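# Fold and contact review
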Amino acid sequence: MKKLIFTLILPLCFFLQAFSQARQENFQLILKDDWKMQSAVTDVSPADKISKENFDAQSWYKVSVPTTLIAGLLANKVYDFDPFMGRNLKKIKDVKLDKPWWFRREFTLPASENGKNVVLRLHGINYKASVWLNGVKIADSTTVKGPFRIIQLDVTSHINYTGNNVLALEIVRPFNPNKAKGDLAIDYADWIPYPADYNGGIVNNVEIKTYDKVGVQYPLVTTRFDLPSLSVAHLSVDAQVTNYTSTTQDAVIKGKINDNIAFEQKVHLLPKESKNITFTPESFKQLNITNPSIWWPWQYGKPELNRIELTALVGSKVSNTLWEKFGIRQMDSKLIDNESREFIVNGKPILIRGAAWSPDIFQRRSPERQEQEVKLVRDMNMNIIRSEGKMEDDNFYDLCDQYGMLVMTGWMCCGVWQHPEHWDAAERKVAIASDSSVMYWLRNKASLLVWLNGSDMPPTDTSVESDYLKIEKALKWPNPILSTANETKSKVSGYSGVKMAGPYEWVPPIYWETDDTHKFGGTWSFATEISPGPSIPPYESLIKFIPKDSLSTTSPAWLYHCGTGSFGSTKVFDKALTERYGQSGTIKNYIAKAQAQNYEAHRAMMEAYGLKKYHTATGVVQWMLANPWPGMIWHTYDYYLYPAGTYFGMKKSMEPLHVMYSYKSNEVAITNSYLKKFTGLQVKATVYNIDGAVKYSKTAPAEIEADASKAVFALPAITGLSPAYFVRLQLTDSKGMVQSINWYWLSQKAEVLNWKKSTWYTTPESVYTDYTALQQIPKTALKLSHTEAAGSDSTTHMVTLTNTGKSVAFFVHLRALKGKDGDDILPVIFSDNYISLAPGETRLIKCTYSNKDAAGSIPYFLTSAWNLDTAKSTAEQQAGFEDGLPVD
């Protein structure tokens, strides 16, 4: 008999030691590998035959679940082309994708589970399915429908305890999820071209669970403090208890927190009854915990995780046991005014700054990739990830819990989910069941900050929002709930205190502080999705998805990898680039300038919100974090995890202790994102002309309160400046340690916005600034040396860069390659990049990567700058230089 692989949870005495995991149950069989997938058009065998043991599925595609149809076909190398290259995605068109597909899996149960109640748990069926087990249809597509639902089917009467079982799902993909009338599935709006299967398939886990008469699941631990004190945490514990038998059952639910706090309660259950059980701190005094280990967002403290264990006993026999990690934390929010909502964690206000998550276009996930991306988010100093209706898996939320990364999530725009007024009774049932499933699933995640019942507007049918709120109250969702991610006032729940007023397209740095009308995307309220538009990938990424003969901003391939609708090109960005930085004669010249424009625009957005924190800016979410596939717009790092100009502009802007320049007031300011006051600081500003001459310098003492921003001094009018010039800012602490260095390139020609011609996605400029002089910076040379500290899993290099010339070294870019002429090591973490160096200045840059990503190569450091004299620059072995502003 074919060897079957499944996840078997070990006995209680063993799994208590597995504290590094996020959750476990005494028995859980995750049906991940060894699935077979085939079109029902290709194989027309009847369902009762397909779902029996002796059916021959050898010719079917072998897949692992989760998978979509196209992901499964790609894994089986059905297509002889890269779907990401050029416009190849258009080639994936097959009428069979519009018809049902079979997903078939054989499994066995261990002898220890004989006679127990068996439940099939389906999470992520996209979009609907008929379910067959051992030749019997156990559910049809009116029951099994919706990718966000958790559907549990009692299959006890159909299970084979002593031999093979065959599960077969006949799945039909969603239709028109991006229209006002269609299926309530996954919608990408204007992000990308839609894959032909619309992500049809299985997008989360399929599991088998067993219970001995009674089961406990969905634990929830809710925290309340006697704020502002955090010395005592008052915990309430809830869980769902289910009787899987046809007779009345009496059970005992035992609980344990961190192995030292125990509690229990009896429960009486009618046949097939499910009910909530609650342990309150009033009734169970041991749930009032002194000196608790508290979960904090990373910038405020350690994200401490605790452990809840629940056991259901019938008589003296254990029916099931589960445990999972949770956070002792309290999430709140309040309206500063009708436009601005402030979020509060454990009694402390927090300025929210982050970006919007995007899944792979084919819903392909891996724990490794997820952790790589969460690490990049953390490295940029962001504190939140927004997920707009694109729910991830448990591993993603576990990572956010572990890294102290807040999560904002909720329902999506812009298709069927946004138009409940068009839903029929069946669709409404799917929506309501989806809301219930997600509440159960996510309510105990430490990282969840807020849930949104709508995206671009509140639910247009007010009864839908009312029903959502009833569910969320009944299931005790412990965090703030908003009706929408935009500013529209809900007729049910009132003001959201957040906004979605754009921009989504290029705007200059001055934009953010000068939106004084409170109509657009400036520094007021909480901007839940906002962006200065395109983020052009570096050349090394572009050639992976744009044919070299199509490397033009107007080529069909280039435009296909932009967004759709209003975002189907980079023309607004390109016009600004030409006007501000000068004509680009080559694609590499264009890309180099684009990194500078990406850097300054994204840095300015996040800095402006930091400067105006709580007055009345309370949060900003970059649209987006990354792209579902290689793209030109809306990302902080590209699909290949390459951190370029946008990434390092973001990272610089959100340094926890940061020095910055205000484009509006001409002031030098500091922002502090720690819960700690700093005294004895020194702020220094130095202004350089293009030729490297110092035109102004000032050092001033400063201090700053915890979680605050403060202007230190204004730059005066300076005579004799070149048309474009540099401002170098430096912040040192009371010990003389440098905490922040921040370079700006400015122009004597002011940028002017045409506010009257603003649209929902951009505000055009009537006058552009002039940075063309940056192309004439006198050449300078660099000296580079580096050390290496190799560990078993990762390697860290300390790279020393010195400007040995007499002019500013502008936009110095450091790359770590897999040997000379090799590809970039990705992902990679640089402590800083795209830096500038004053004449004689030395900077130490830390570079860290996973050893496996170096693929056994000896790293080679390649450095460029806009005005680099490569002939006079010097470096140790395994390092070199290249022109940072190539003209041919």
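Higher on the page you've got the structure.
Residues numbered from 1 in each chain as written. Predicted model: local features only at pLDDT ≥ 70, side-chain atom pairs only at ≥ 80, totals over all residues. Heavy atoms only, no water.

### Things to note about the overall build of the chain
Where we set the bar: Strands here are runs of E lasting at least two residues and helices are runs of H or I lasting at least four, both read from the DSSP assignment and numbered beginning at the N terminus. For a compact globule the rule gives 2.2 Å times the number of residues to the power 0.38, and the radius of gyration it is set against comes from C-alpha atoms. The contact criterion used is simple: two residues touch if any of their non-hydrogen atoms lie within 4.5 Å. Note on areas: Shrake-Rupley, 1.4 Å probe, and residue coverage restricted to the protein chains presented here.
Of regular secondary structure, the chain possesses 13 helices and 50 strands. Its C-alpha radius of gyration of 29 Å places the chain within 12% of the 29 Å reference for a compact globule of 888 residues. When the backbone C-alpha atoms are referred to their principal axes, the chain occupies close to 90 × 65 × 55 Å. Considering only contacts in the chain between residues 6 or more positions apart, those separated by 24 or more positions represent 72%. Accessible area for the chain stands at about 32,000 Å²; split by element, carbon and sulfur atoms hold 50% of it.

### Points about the packing of aromatic side chains
Note the threshold: Only rings of Phe, Tyr and Trp enter the pairing, Trp through its six-membered ring, and a pair is recorded when the two centres are within 6.5 Å. The plane angle decides the type: under 30 degrees is stacked, over 60 is edge-to-face, the rest tilted. Remark: exposure states derive from per-residue accessible area (1.4 Å probe, protein chains only) relative to the maximum for the residue type, with buried under 20%, exposed over 50%, and partly exposed in between. The rule for a charge over a ring is simple: NZ of Lys or CZ of Arg within 6 Å of the ring centre, and within 35 degrees of the ring normal.
As enumerated under the stated definition, the model contains 58 aromatic pairs in all. Here tyrosine 79 and phenylalanine 81 contribute two aromatic rings whose centre-to-centre distance is 5.6 Å and whose plane-to-plane angle is 40 degrees, an arrangement assigned as tilted. By relative accessible area, which is 19% here, tyrosine 79 ends up buried. One residue, arginine 378, lies across the ring of tryptophan 298, its end atom 3.6 Å from the ring centre. For lysine 544, the ring lying beneath its charged end belongs to tyrosine 640, and the centroid distance is 4.8 Å.

### Regarding the sheet that holds strand β11 (residues 150–154)
The condition is simple: DSSP bridges decide pairing: two strands pair if at least two such bridges lie between them.
The strand order across the open sheet built from four strands is β2-β14-β7-β11, with neighbouring strands paired in antiparallel fashion. If you trace the sheet from one side to the other, it starts and ends with β2 (29–30) and β11, each paired once. Here β2 runs beside strand β14 (residues 206–211); their pairing, made up of two bridges, is antiparallel. Opposite isoleucine 30, over in β14, you have glutamate 207 as the bridge partner.

### Structural notes on the state of the cysteines
Note the following rule: By disulfide we mean two sulfur atoms from cysteines, separated by a distance within 2.5 Å.
All told, the structure shown has one disulfide when counted by the stated rule. There is a disulfide in this structure between cysteine 413 and cysteine 414, and the S-S distance comes to 1.9 Å. With the S-S dihedral at roughly -65 degrees, the linkage between cysteine 413 and cysteine 414 falls on the left-handed side. In this structure cysteine 562 is not part of a disulfide, and its nearest cysteine sulfur, from cysteine 414, lies 18 Å away.

### Side note on the sheet that holds strand β17 (residues 249–257)
Applicable threshold: Orientation is described by axes fitted as lines to C-alpha atoms, over the contacting stretch for helices, and by angles from 0 to 180 degrees between their N-to-C directions.
Strand order in the open sheet formed by five strands is β1-β22-β21-β17-β18, and the pairing between neighbours is antiparallel. Either end of the sheet is taken by a strand with one partner, and the two such strands are β1 (23–25) and β18 (261–269). Within this sheet the neighbouring strands show an average axis-to-axis angle of 15 degrees, counted without direction. With nine bridges connecting them, strand β21 (residues 306–314) and strand β22 (residues 317–326) associate as antiparallel partners. Bridging across to β22, threonine 311 finds its partner in threonine 321.

### Overview of helix α4 (residues 367–379)
One turn of an α-helix holds 3.6 residues; hence residues three or four places apart share an orientation. We count it as follows: A helix is expected to span 1.5 Å multiplied by its residue count minus one.
Along its 13 residues, α4 runs 18 Å from first to last C-alpha, staying within 8% of the 18 Å computed at 1.5 Å per residue. Where the residues of α4 are buried, they touch β27 (384–388), α5 (394–403), α13 (645–653) and β45 (829–830). Looking one or two residues past α4, asparagine 381 carries a phi angle of roughly 70 degrees, positive in sign.

### A word on the environment of leucine 310
By secondary structure assignment, the location of leucine 310 is in strand β21. Sequence spacing of leucine 310 and valine 237 is 73 residues, and the spatial spacing of their C-alpha atoms is 9.9 Å. Setting aside chain neighbours within four positions, we find leucine 310 in contact with Val216, Pro219, Val237, Ala239, Lys254, Gly255, Phe263, Asn320, Thr321 and Leu322.

Shape is all these values report; function is a separate question.
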